[in-house]
Amino acid sequence: MAQRFLIVGSGFSGCVLANQLVQQMDCTITIWDERNHIGGNCHTERDEKTGVMVHQYGPHIFNTDKKEIWDYVNSFVPFRPYVHRVKANSKGKIYPLPVNLQTINQYFNQSFNPSAAKAFLATLADKSITDPKDFEEQALHFIGRELYEAFFYGYTKKQWGCEPTALPASILKRIPVRFNYDDNYHTNTYTGIPEDGYSAVMEKMIAINGITVELNRRFDPAAPPPGFDHIFYTGPLDAYFSHVHGRLGYRTVTFEKFYADGDYQGLSQMNYCDESVPYTRITEHKHFTPWEQHQQTVCFREFSKETTPDDIPYYPKRLETDKNLLLQYRFDAEQLKGVSFLGRLATYRYMDMHHVIGEALAFARSFSSAHREGSPLPIFANVENG
Ligand code: UDP
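The structure reproduced in this document is the subject of the present report. (Residues numbered from 1 in each chain as written. Predicted model: local features only at pLDDT ≥ 70, side-chain atom pairs only at ≥ 80, totals over all residues. Heavy atoms only, no water.)

Attention now moves to the overall build of the chain. Across its full length, the chain holds 10 helices and 17 strands. In terms of C-alpha radius of gyration, the chain reaches 22 Å, essentially the compact-globule figure of 21 Å for 386 residues. Counting only C-alpha atoms, the chain reaches 70 × 50 × 40 Å along its principal axes. Residues counted as buried form 57% of the 386 residues belonging to the chain. (Helix = DSSP H or I, 4+ residues; strand = E, 2+ residues; numbered from the N terminus. Rg over C-alpha atoms; globule rule 2.2 N^0.38 Å. Buried < 20%, exposed > 50% of the residue type's maximum accessible area, 1.4 Å probe, protein only.)

So this is what it looks like as structure tokens:
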């Protein structure tokens, strides 16, 4: 008999899972989303005034090393070539990010070649740190205090609302340091932006017989709707348990939108690294679609703050206290029957789109094969418990 599944959340996790399960199993799927649109925080829509495709919840640039993930997303909507190049404003001067040979030469007023720059940075790096334990140690170990303070300290404090010493080194590991003039923000093989935006990709994923979407539907874990054989939950893990052990820490982002004529800043993303500037970055979204022409431009100043109960959670903080809480919630989740948890919010991790998609693809495979074989159904999409 056909299984009836409920997926809570229509971001990439929910949409990829629906797209796969309906093809791999005899099932019908209902997707609920509490917002009035699909796509979660990857939602895109055209700005009414300018016609520019806007990344409603902040910039998303697709990048992956995995051909199968690239081919999968491109099978719904073609992705156009887009290389993300970011500039940083530090004390009123503009530098390229990630830190590369241009940044180093410009900052120190030098003309180093790669090996000279490497040797120079080695003299600045804090050699007393052998095994960096936090964000600040990771930075001091690799680039030394001057570049850390110019580009990372203020931005990170604004972004995360705490001293960088309280943050894991893994956050900084997202950004490379290069001893050449490569200023591509990402290092992955495949990078691009979908021609018609991300929501169009997700719409296509779920435009299959057997999948229905209900918007403006809030899921209440205390009163799950009857009639479903299994529920896949992609919302915040602590919310599923009504925050009984306390709230997992998230940063949220707010935006100040403004318009200009022509080209406001000359590229899609300008970071403001000084603590004295209240926002972290300005994004100008027409530069995410260089194949389109727009006379006017729409930009967003991005501010970061602690998440309160009414805010949308963006970045999981993953401080030590959060990790302990996470263990308690994971333990509770593992006692449940008929519910699985996947995605950034339900597993409480800092994930890029390609991570989310890869994990949802793998989870669908393991769920459908466990169901076929009659073995225990997987509860979490990831095995990590820290
Ligand atoms: N970061 C920074 N200065 C910058 C850009 C990034 O200090 O100009 C730090 C900051 O802590 C940020 C982290 O590096 O959270 C990761 O940056 P990324 O650009 O990957 O963040 P995202 O685009 O996901 O917000």
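Once that is clear, we can look at the sheet that holds strand β5 (residues 62-64). Strands pair in a sheet through their backbones, by hydrogen bonds, and they do so in one of two ways: parallel or antiparallel. Spatial ordering of the open sheet is given by β5-β9-β6, a layout of 3 strands whose pairing is antiparallel. Looking at the sheet topology across the chains shown, the edges are occupied by β5 and β6 (79-81). Taken over all neighbouring pairs, the strand axes of this sheet differ in orientation by 45° on average, direction set aside. Pairing between β5 and strand β9 (residues 190-194): 3 bridges, direction antiparallel. Paired with T64 across the strands is Y190, a residue of β9. Along the sheet, helix α2 (residues 67-74) makes contact with β5, β6 and β9, crossing β5 at roughly 150°. (Pairing = 2+ DSSP bridges. Axes fitted to C-alpha atoms, helices over the stretch in contact; angles between N-to-C directions. Contact = heavy atoms within 4.5 Å.)

Another aspect to go through is the site of the ligand. If you check the shell around the ligand, you find 17 residues, and the closest are T156, R174, Y185, Y315 and Y350. Between the ligand and N271 there is a distance of 2.8 Å, counted from an oxygen atom to a side-chain nitrogen or oxygen. Side-chain polar atom of Y350 to an oxygen atom of the ligand: 2.6 Å apart, as the coordinates give it. Protein contact buries 93% of the 520 Å² of open area that the ligand shows by itself. (Near = heavy atom within 4 Å. Polar contact = N/O pair within 3.5 Å; in protein donor to acceptor, adjacent residues only side chain to side chain. Areas by Shrake-Rupley, 256 points an atom, 1.4 Å probe, with all protein chains shown as cover.)

Residues F12, L21, I29 and M205 are the most contacted members of the largest nonpolar core, which totals 46 residues. Listing elements by their share of this core, those giving two or more residues are β1 (3-8), α1 (12-24), β2 (27-32), α2, α6 (198-205) and α10 (353-373). With 8 residues, the single largest contributor to this core is α10. Those residues in contact with M205 that sit more than four places away from it in its chain are F12, C15, V16, N19, Y72, F76 and I211. By size, the runner-up hydrophobic cluster in this structure holds 33 residues, among which are L101, L140, C162 and C273. (Core = buried A, V, L, I, M, F, W, Y, C linked by side-chain atoms within 4.5 Å.)

One open sheet holds the 7 strands; their spatial order is β8-β7-β13-β14-β15-β12-β16, and the pairing between them is mixed. Whereas interior strands pair on both sides, the edge strands pair on one side only; in this sheet they are β8 (93-97) and β16 (315-316). By the bridge criterion, 11 bridges tie strand β12 (residues 250-261) to strand β15 (residues 296-306) in an arrangement that is antiparallel. Note that in β15 the partner of D261 across the bridge is Q296.

Moving on, we get to the pattern of salt bridges. If you walk through the whole model with that rule in mind, you get 19 salt bridges. The closest approach of N and O atoms between K305 and D311, which form a salt bridge, is 2.6 Å. Take D311: its relative accessible area is 21%, and that puts it in the partly exposed class. Ionic contacts of the salt-bridge type, sharing partners, join the residues R85, K87 and D183 into one network. (Salt bridge = Lys/Arg side-chain N within 4 Å of Asp/Glu carboxyl O.)

Helix-helix packing: each pair is described by the crossing angle between the helix axes and the interaxial distance. At a minimum axis distance of 9 Å, the contact between α1 and α10 shows a crossing angle of 35°. Both α1 and α10 take part in a crossing whose hand is right-handed. Across from F12, S13, V16, L17, Q20, L21 and Q24 in α1, the residues of α10 making contact are M353, V356, I357, A360, L361, F363, A364, R365, F367, S368 and R372. Here the contact of α1 with α10 is composed, by residue class, of 12 nonpolar, 4 polar and 2 charged. (Left-handed = near helix turned anticlockwise from the far one by under 90°. Nonpolar A, V, L, I, M, F, W, Y, C, P; charged D, E, K, R; others polar.)

Attention shifts here to the packing of aromatic side chains. Enumeration over the complete set of coordinates arrives at 37 aromatic pairs. With 4.9 Å between their ring centres and 75° between their planes, Y233 and Y240 make a pair best called edge-to-face. On the accessibility criterion, Y240 (10% relative accessible area) is buried. Look at F255 and F300: their rings are 6.1 Å apart centre to centre, the planes differ by 85°, and that puts the pair in the edge-to-face class. With F255 in strand β12 and F300 in strand β15, the pair connects residues that are 45 residues apart, well separated along the chain. Judged by relative accessible area, F255 falls into the partly exposed class, the value being 27%. Since its relative accessible area comes to 9%, F300 is described here as buried. A network of ring pairs unites the aromatic residues F219, Y233, Y240, F241, Y329, F341 and F380 as a single cluster. (Phe/Tyr/Trp six-rings, centres within 6.5 Å; stacked < 30°, edge-to-face > 60°.)

For the rest of this paragraph, the subject is the side chain of S199. In this fold, S199 is placed in helix α6. S199 sits in the buried class, given a relative accessible area of 5%. Here H43 takes part through its side chain, which lies 2.7 Å from a polar atom of the side chain of S199. One polar contact links the side chain of S199 to the main-chain amide nitrogen of T44, over a distance of 3.1 Å. Contact partners of S199, with chain neighbours within four places excluded, come to I38, C42, H43 and T44.

Another point: unusual backbone geometry. In this model, L97 is joined to P98 through a cis peptide bond whose omega is 0°. Looking at the element boundaries, P98 is found in the loop between β8 and α3 (101-108). At H243, a position not held by glycine, the phi torsion is positive, near 55°. As for its placement among the helices and strands, H243 is situated in the loop between α7 (237-240) and β12. A relative accessible area of 24% means that H243 is categorised as partly exposed. In this structure, Y348 takes a positive phi of about 55° despite not being glycine. Mapped onto the elements, Y348 comes out in the loop between α9 (344-347) and α10. Using a relative accessible area of 0% as the deciding quantity, one classes Y348 as buried.

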